[in-house]
Every structure is written in structure tokens, then in C-alpha cells.
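Structural characterization, general
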Amino acid sequence: MSTSPTQPLRRKLLLGLAAGATAASPVALLAKPLKSQAHIVILGAGAAGIAMANRLRRSIDGARITLLGARKEHHYQPGYTMIASGLWPVKRVLSSTSQWLGNGIDWLAQDVTAIDARQQRVELSNQQQLTYDLLVVATGCQLNYHEIEGFDISMIGQHGIGSVYASPAAAQATSEQIDALVSKGEGRALFTLSNTPLKCAGAPLKMTFTTLSRLEKTGQRERFQVDFFSPYQNRVFAVPTYNDFVLKRWQEQKVGFFDQRVLTGLDVANRTAYFAHTDGSRSREPYDFIHLVPPMSAPDVIKASDLVWHDGPFAGNWLEVDQYSLQHRRYPNVFGVGDVIGTPFGKTAASVKMQAPVAERNILAFLSGQPLSARYNGYTSCPLITSIGRAILSEFGYEGKLLPSFGFISPTEESWLVWMMKEQMLQPAYNAMLHGKV
Amino acid sequence: MSLDGILMILWYAAKPWLWLIVLLILLLVASLWLGRQRQGKAHALLWPIAIGAGLAGMIVAPWFTHSKLSYVATWPDRLVLLVIGIGITLYCWCLLKNWLRQP
Ligand SMILES: Cc1cc2nc3c(=O)[nH]c(=O)nc-3n(C[C@H](O)[C@H](O)[C@H](O)COP(=O)(O)OP(=O)(O)OC[C@H]3O[C@@H](n4cnc5c(N)ncnc54)[C@H](O)[C@@H]3O)c2cc1C
């Protein structure tokens, strides 16, 4: 951990007060609430922000907890794939943000427009300014669709364009575009991948697999051409075990695979996609249906702040944190949880489930002046749907190490049980996580 | 994953279905209570009906989850399907036991 920038005196006193409140170990700290008068501000009222607010509310007594985020509707994003595959209605993923928040959390329905980490201050969309003693950044990913030339997010659901990531409505519109392709009885479907870290990096693969299931169901699969375009060399997924499985399966399913190609633009009227190749050349590909994956980054407000990584692979794009403690490397009173953090893995709701208790423990340790002992191992998981009705439980961590949770479920076998977990159990697990209960 | 965690997730998964679980339990209790006066030995068809219901349940369970029987491939898949079949069989047996009696 590097040196702390100067902290205003009031905050030093507050943190000192917390430090004096207990001398117990972090484990003991979890047993009874820590006493602290710190003002904890959480940016982002999504999966990670809500989980952190509920956890900190329970484990800290006396602190003021302010949750910031303008979105009043909560979206269960892992369900988007089910909607876009024609299996779930949109309403199954919708709820209200307020219903997940326990008592004693001040939720301000405002987005943050600027962060001054040195002054420990954030500015809100209504121009209000808030100071904090401790900041938790949980603003998720920003979808940079604007980097695809000729494309606008409103085009999803028209002209054969789909994209599962944008919203529940976009997922529904994507499903309708796939239905249109199926009804046409023939055509070419293109699936793309962007060259940035992605939230649920399995989602583009799942969309390919579930679309294949829908095309196979017509009994005339041979009338459709399905092609996948990846920016990476011979790679569609970071973990070799799953990458090899997917590429082999696609070969069997006669999916064309084009690597080292980045989608740069669309000619929407003519249903043509433009790709830049790693060797500098370009190509244009006609399509009847295209599934777009936008480049992603931390939201602009993080990128414009001093909290962003200054060097390394995440420079300028993602929140700088220590990948194990989740504490900011230069601002010790800042922690990051969820999709926004610049770590090698960790952009799934299942990752949030593991990160939240780690960040909670380390925040308690920080407030009481103890060493930060909890470690996040990079745990990332998504049931990799390989057909409508079966899936592989892919679970891994830093260095691509497989981290299976259940000894009896093979991490490499397709299974109905894993599909059921995705279909029936993942949402309850997610809900329990929001309440800070798992 | 810890046992606590698994139980908590199962609880969250069961919550939306609590009404159905309660309904099935009430149905069972009512059936056992109301039928307790009936005399005679168990009907010869009791087991075949209960096993038939269990088998039917096993066949439709994958379909119920947007899947299909041919995707029940690993041993945990088969075990889950078997548990579903045995559960339905026993439930039907208990439900019908008093009503299907022959003098
Ligand atoms: C299609 C799809 C499929 C997925 N499938 C799976 C899966 O199978 N399994 C799995 O585990 N995960 C899956 N995920 C990933 C999972 O949904 C995310 O990892 C999880 O939601 C991350 O939580 P988060 O809080 O970091 O981000 P989010 O839940 O996106 O929340 C971020 C919040 O921050 C808010 N915000 C943004 N900017 C600001 C600002 N300036 N000020 C204040 N608030 C701001 C946003 O409005 C939002 O409410 C999937 C995601 C998608 C899109």
C-alpha cells in the first residue's frame, strides 16, 4: 500500500475514533458491529453498491452510509441472456432499487459527475457536493457503443441488429431480431467480441450457442451461416480450458471462426459490418443478423478522476485497486467492488458475491487501523450455456486457475443441473447477495 | 461454498414458491386426515399410479426448465432427476393411500 495523501483533520479524528473503538481482529470485528462515525459514500446503486451498503450497515454502528446512483429500477443483468434467448419475459429481471435497501442507508437518487479524491469530495448531478471519509466505488461498466462507427444504441432491434448488454428492452429486441432471422428461413448471423475487458465475458458466447439452438430447432440449420469474429488470436475466452471447448464445439457445429478482427463500424442500411484486422487490413462482411458487443470501460467520471489506473494494462480505463485487498493503491480510504475495478478477472455478479465480504472486512480493518488481511482470489463464474437446456459451470480466478465450488460438479462437463442453476438458482443467489446474506 | 451459504440460497429460491409448498402440505394433511376412516387394504393400483406419476414427473422436469431429457447427462443430473421421481412417487403414494383402498 502506498502512502496516503493528506487527509483533512476532521476525518483523521473520525477514523482515529474508530481505530480506538476496538483492538480485535477483523474476524472478531465481523462478530459485533464496529463503532464509527465515518461518512461512507458508495458510488453506484447496482449489484455491488447495494450489497456493500447492506453489509456495511450491519457491520458498522454509528456511521453515515450514503448510496449514490440515479437509477431507480434495479436490473438483474444475468437474466438478459435468458431474455435475448427467448426464454424469459423482461419483467423477470426488473425490481426497484429501494426494495433492496435496508434501514439506515441514505440513498440519493443522483449520479456522481466528479470525484476529487484529494479533497475527499464528490459532486452530484444536481451540483450538490458531498464529502466522505471512506469511498466505495461500485459504478459498474460503461458500454461504449459510440465507438462503433455508424451505430447508435437506438438501432438495437432494427435492421437485424441485436446486443444483449444494453438493457432488458435491448435483450428482448435482440430476441425478436433472432426470431426474424429464423422466420426468414435462411441467412447469415454474425457474432462479435470487443477487445476490452467485458462484464460477463461468456455472454457473447452464450448468445452464439443459444442462437444455434434456435436455428437447429428449425430442422434446417444448413440454411443459416453462423460466423464468430474475435479480436484475439485463436481465442474467444481468457481461460484456455473453456476457450478450447468452445472452439472445438463450434467446429462441430460448423460455426465460421474469424480471429484477430475488431468491429469498427456498421453500414446499417446495407447490413454490412466493417472489421479492422490485426495486420492492418480491413474487411466488410454482409449479415442478416449481427450481435454486437460494445467496448467497455469504467464510467467517464472514474476515467476523469485521479482514481483511474495511471499505468499498466488498465491505464486510463479502469479503477485502480490492489487486486487482492480491493483497496485503492494510492488512496487508502477508497475501495472498489464490482465491474468497475481494474483487475485481471472479476466482472460477474458471482465475483461481486466474493468481493463484497472481502471489501467489507478490509474496510472494517482500515477503519480500526488494522492490517488488511482479507484477500480476493479473482473468483469469476458464469454458467457457460452451450445449448438452450445445458451449461458448463465455469469458475476460475487469477491466472485462469479453475476454482470449482462443488466437488460433485465437473467444471468441464455440460450438464442439465448447471443449466437449472442458471435458470432457477442464480437469481435467488443474486438476491441473497444484494441483501448481504451470502 | 459453505453450508450456510447453500441453505441461504435455497431459502431465497424457495421463497417465491412458499404458497405452493404450503398448498401441497395442506393437501397432503387434508387427504390423510379426511381419509383416515376408510377401511380396507391398499389398492393394487396404488404403487403403479404413484410410480407412473413419478416417471411422468421425471420426463417433464427437464422440459419444465426449458431443457430436454437428452441433456440429463452427468451423474449429478441423473441423481437430481431420480430424487424428483422418488419425491413425486412418495408424495402421490401418501396422497392417495387412504382413498385407494379396497375392502
Ligand atoms: C448480458 C449479461 C449477462 C450476464 N451474465 C452473468 C452471469 O451469468 N453470471 C454472473 O455472475 N454475472 C453475469 N453478468 C454480470 C453481472 O450482471 C455484473 O457483473 C454485475 O451486475 C456487476 O455489478 P456492479 O454493481 O459492478 O455493476 P452494475 O450492476 O451494472 O451497477 C452499477 C451501477 O452504478 C451506476 N452508475 C454508473 N455510473 C454512475 C455514476 N456516475 N454515479 C452513480 N452511479 C453510477 C449504474 O447506474 C448502476 O446502477 C451479466 C451481465 C450482463 C450484462
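These figures come from a predicted structure and were not determined experimentally.

The rules we used
Sequence order as written defines the numbering, with residues in each chain counted from 1. Each chain takes a letter, starting from A, and each ligand takes a number, starting from 1, following the order in which they are written. Totals for whole chains, interfaces and linings use all residues, but because this is a predicted model, local features are given only for residues with pLDDT of at least 70 and pairs of side-chain atoms are given and counted only at 80 or more. The side-chain numbers reported here are obtained from all heavy atoms of the structure, hydrogens and water having been left aside. Secondary structure follows DSSP: runs of H or I at least 4 residues long count as helices, runs of E at least 2 residues long count as strands, and numbering of each begins at the N terminus. The globule rule is 2.2 Å times the number of residues to the power 0.38, and the radius of gyration it is compared with is taken over C-alpha atoms. Each residue's exposure class comes from its accessible area (1.4 Å probe, protein chains only) as a fraction of the maximum for that residue type: buried when under 20%, exposed when over 50%, partly exposed otherwise. Any two residues whose heavy atoms approach within 4.5 Å at even a single point are treated as in contact. Residue-level accessible areas treat just the shown protein chains as cover; the underlying method is Shrake-Rupley with a 1.4 Å probe. All domain edges in this entry derive from an automatic or database-based domain assignment. What counts as buried area is the accessible surface, traced by a 1.4 Å probe, that two parts surrender upon association, with contributions from both included. N or O atoms closer than or at 3.5 Å make up a polar contact, with two conditions inside protein: a donor-capable atom paired with an acceptor-capable one, and, for residues adjacent in sequence, both atoms drawn from side chains. When residues are grouped by polarity, Ala, Val, Leu, Ile, Met, Phe, Trp, Tyr, Cys and Pro land in nonpolar, Asp, Glu, Lys and Arg in charged, and all others, Gly among them, in polar. Here, nonpolar core means buried Ala, Val, Leu, Ile, Met, Phe, Trp, Tyr and Cys residues that are tied together by side-chain atoms lying within 4.5 Å of each other. In the sections that follow, a salt bridge refers to a side-chain nitrogen of Lys or Arg positioned within 4 Å of a carboxyl oxygen of Asp or Glu. A pair of strands is considered paired only if DSSP assigns at least 2 bridges between the two. Helix axes are fitted to C-alpha atoms over the stretch in contact, other axes to C-alpha atoms as well, and angles between N-to-C directions run from 0 to 180 degrees.

Remarks on the overall build of chain B
- Regarding its fold elements, chain B presents four helices and two strands.
- A compact globule built from 103 residues would reach a C-alpha radius of gyration of about 13 Å, whereas chain B, at 17 Å, exceeds it by more than 25%.
- In terms of its C-alpha atoms, chain B occupies a principal-axis envelope of roughly 50 × 30 × 20 Å.
- Per-residue burial over chain B gives 25% buried out of 103 residues.
- Excluding contacts between residues fewer than 6 apart, the proportion of contacts in chain B whose partners are at least 24 apart in sequence is 79%.
- With the model as given, the accessible surface of chain B reaches about 6,900 Å², and the carbon-plus-sulfur share is 78%.

Some remarks on the domain arrangement of chain A
Residues and elements named next belong to chain A.
- Along its sequence, chain A is organised into domain 1 (9–71 + 109–141 + 298–367) and domain 2 (145–295).
- Of note, the centres of domain 1 and domain 2, computed from C-alpha atoms alone, are 35 Å apart.
- Across the domain 1/domain 2 interface, buried area totals approximately 470 Å², and carbon plus sulfur atoms make up 73% of it.
- Our count for the contact surface shared by domain 1 and domain 2 stands at one residue pair in polar contact (both at pLDDT 80 or more).
- In the side of domain 1 that touches domain 2, the residues fall into four nonpolar, one polar and two charged.

Quick word on the nonpolar core
Residues and elements named next belong to chain A.
- Counting 151 residues, the largest nonpolar core has Ile40, Val122, Leu135, Trp250 and Leu266 as the members making the most contacts within it.
- A total of eleven residues in this core trace back to one element, the largest contributor, which is helix 10 (residues 416–434).
- Both domains that meet at this core, namely domain 1 (9–71 + 109–141 + 298–367) and domain 2 (145–295), each give it at least three residues.
- The contacts of Ile40, once residues within four sequence positions are left out, are Leu56, Ile60, Ala63, Arg64, Ile65, Thr66, Leu134, Val136 and Leu367.

A word on the interface of chain A and chain B
- Contact with chain A, which involves 26 residues of that partner, is made by 23 residues of chain B.
- Carbon and sulfur atoms supply 71% of the area buried between chain A and chain B, which totals about 2,100 Å² over both sides.
- Linking chain A to chain B there are eight residue pairs in polar contact (both at pLDDT 80 or more).
- Here the side of chain A that touches chain B takes eleven residues from helix 10 of chain A, the largest share from any one element.
- Taken together, the residues of the side of chain A that touches chain B break down into 13 nonpolar, seven polar and six charged.

Section: the pattern of salt bridges
- Enumeration over the complete set of coordinates arrives at 16 salt bridges over all chains.
- In the salt-bridge network here, residues are joined through shared partners; they are A:Lys248, A:Arg249, A:Glu252, A:Arg390 and A:Glu414.

Digging into the sheet that holds strand 2 (residues 39–43) of chain A
Residue and element names in this part refer to chain A.
- Here five strands make up an open sheet; going across it, the order is 7-4-2-11-22 and the pairing parallel. Edge positions in the open sheet fall to strand 7 (105–108) and strand 22 (334–336), since each of these has one partner strand only. Averaged over neighbouring strand pairs, the angle between their axes works out to 20 degrees when direction is ignored.
- Note that strand 2 and strand 4 (residues 64–68) share five bridges and pair parallel. Of the residues in strand 4, the one forming a bridge with Leu43 is Leu68.
- On the sheet, helix 9 (residues 349–367) packs against strand 2, strand 11 (134–137) and strand 22 and is oriented at approximately 165 degrees with respect to strand 11.

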